[in-house]
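Take a look at the letters that make up each chain.
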Amino acid sequence: MTTDLATTVERIGSDLARGARASEGVERAAPLFRTVLRLLLRGEPVTLAAVAAAAGKDERDVAEAIDAFQPVERDESGRIVGMGITLNSTPHRFRVDGRDVYTWCALDTLVFPTLLGIRAEVESPCHETGTPVRVTVTPDGVTAVEPGSAVVSVVPIEHVRNIRTAFCDHVHFFRSAEAATAWLAAHDGGRILPVREAFALGRSFAAGLMA
């Protein structure tokens, strides 16, 4: 990556983190993200008591923080089943230690290995053509991309009530920049980045979000 591109990627990541932290409920929930994500990787619904115990926090404080985060997914018993990583099927399959879970968006698949110190095998269809995009991600970077021309779309984040619908639902894999042409035309301010550059953006985004 050139110095100019690296600077641009870092700036976009910082801008995304700033917008995310200003969005409803994100800043309160952010200190619990790693804890909830690790528990969800077990492939089972997560209780608030389990989050509180793992995070070393009062259960009432945990409940208030989670309740403030609108996109959180729960089952009929009120247990958490989705908060970035989700047990509900999405286009973005996220395999860790042979267990399949899912993520809310393409960028999540690149952010979480660094955030959690894990290796993941990712598979997601091109948003335009349906062609499978397969990526291997470690805490240090992307080690394999198929096809090699694959890109990731991102949109700006402003103060929003639901960061999943405003941001995550627009962040996809495409098999190539050409396949993303129609998407770019329909999304003012949207960008596409090659997968490895998107990983660098995700690392900058995560650092700003968790600061």
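Up top you'll find the structure we're talking about.
Residues numbered from 1 in each chain as written. Predicted model: local features only at pLDDT ≥ 70, side-chain atom pairs only at ≥ 80, totals over all residues. Heavy atoms only, no water.

Observations concerning the pattern of salt bridges
Next up, step 1: One pass over the full model with this rule turns up 10 salt bridges.
Next up, step 2: Linking Asp 67 and Arg 74 is a salt bridge whose minimum nitrogen-to-oxygen distance equals 2.6 Å.
Next up, step 3: By relative accessible area, which is 54% here, Asp 67 ends up exposed.
Next up, step 4: Between Arg 119 and Glu 121 there is a salt bridge, and its shortest N-O distance comes to 2.7 Å.
Next up, step 5: The class for Glu 121 is partly exposed, based on a relative accessible area of 29%.
Next up, step 6: Each member of the salt-bridge network shares a partner with another, and the members are Arg 93, Arg 95, Asp 100, Glu 123 and Arg 134. (Salt bridge = Lys/Arg side-chain N within 4 Å of Asp/Glu carboxyl O. Buried < 20%, exposed > 50% of the residue type's maximum accessible area, 1.4 Å probe, protein only.)

Observations regarding the sheet that holds strand E1 (residues 73-74)
Next up, step 1: Taken in spatial order, the 8 strands make up an open sheet running E1-E2-E3-E5-E4-E6-E7-E8, and their pairing is antiparallel. Two strands close off the open sheet at either side, each with one partner strand: E1 and strand E8 (141-146).
Next up, step 2: In terms of strand pairing, strand E4 (residues 92-96) meets strand E6 (residues 120-125) through 3 bridges, oriented antiparallel. Bridge pairing in E6 links Phe 94 to Val 122. (Pairing = 2+ DSSP bridges. Helix = DSSP H or I, 4+ residues; strand = E, 2+ residues; numbered from the N terminus.)

Remarks on the pairing of strand E9 (residues 151-154)
Next up, step 1: Residues Val 151 and Ser 153 point to one face of E9 and Val 152 and Val 154 to the other, with burial holding for every one of them.
Next up, step 2: Strand direction decides the pairing type here: E9 and strand E10 (residues 173-174), joined by 2 bridges, are antiparallel. For Val 151, the partnering residue across the bridge sits in E10 and is Phe 174.
Next up, step 3: Note: E9 against strand E11 (residues 191-194), 4 bridges, orientation antiparallel. Within the sheet, the bridge partner assigned to Val 154 lies in E11 and is Arg 191.

Digging into the sheet that holds E9
The strands making up a sheet are joined through hydrogen bonds of the backbone, oriented either antiparallel or parallel.
Next up, step 1: Strand order across the open sheet formed by 3 strands is E10-E9-E11, with antiparallel pairing between neighbours. Looking at the sheet topology across the chains shown, the edges are occupied by E10 and E11.
Next up, step 2: The strands touched by helix H9 (residues 195-210) are E9, E10 and E11; relative to E11, the strand with the most contacts, the crossing angle is about 110 degrees. (Contact = heavy atoms within 4.5 Å. Axes fitted to C-alpha atoms, helices over the stretch in contact; angles between N-to-C directions.)

What to know about the packing of aromatic side chains
Next up, step 1: Within the structure shown, the criterion is met by 5 aromatic pairs.
Next up, step 2: Plain terms: the ring middles of Phe 33 and Phe 69 are 5.6 Å apart, the flat faces sit at 65 degrees to each other, and that makes the pair edge-to-face. In this pair, Phe 33 is assigned in helix H3 (residues 33-40) and Phe 69 in the loop between helix H5 (59-68) and E1, connecting sequence segments 36 residues apart. Note on accessibility: Phe 33 and Phe 69 belong to one class, buried.
Next up, step 3: Ring centres of Phe 69 and Trp 104 lie 6.3 Å apart, and the angle between their planes is 20 degrees; on these two criteria the pair is classed as stacked. In this pair, Phe 69 is assigned in the loop between H5 and E1 and Trp 104 in the loop between strand E5 (99-103) and helix H6 (106-116), connecting sequence segments 35 residues apart.
Next up, step 4: We classify Trp 104 as buried; its relative accessible area is 5%.
Next up, step 5: Here a set of aromatic residues connected by ring pairs shows up, and it is made of Phe 33, Phe 69 and Trp 104. (Phe/Tyr/Trp six-rings, centres within 6.5 Å; stacked < 30°, edge-to-face > 60°.)

Overview of empty space enclosed by the protein
Next up, step 1: One pass over the full model with this rule turns up 1 cavity of 30 Å³ or more.
Next up, step 2: Approximately 270 Å³ is the volume found for the largest cavity.
Next up, step 3: Along the wall of the largest cavity there are 19 residues; nearest its centre are Phe 33, Asp 108, Phe 112, Phe 205 and Leu 209.
Next up, step 4: Counting only elements with at least two residues in the lining of the largest cavity, the list comes to H3, H6 and H9.
Next up, step 5: By residue class, the composition of the lining of the largest cavity is 17 nonpolar, 1 polar and 1 charged. (1 Å grid on protein atoms, 1.4 Å probe; cavity = no way out; pocket = protein on both sides within 12 Å on 5 of 7 lines; lining within 4 Å. Points joined across faces, edges and corners; volume = space filled by probe spheres on them. Nonpolar A, V, L, I, M, F, W, Y, C, P; charged D, E, K, R; others polar.)

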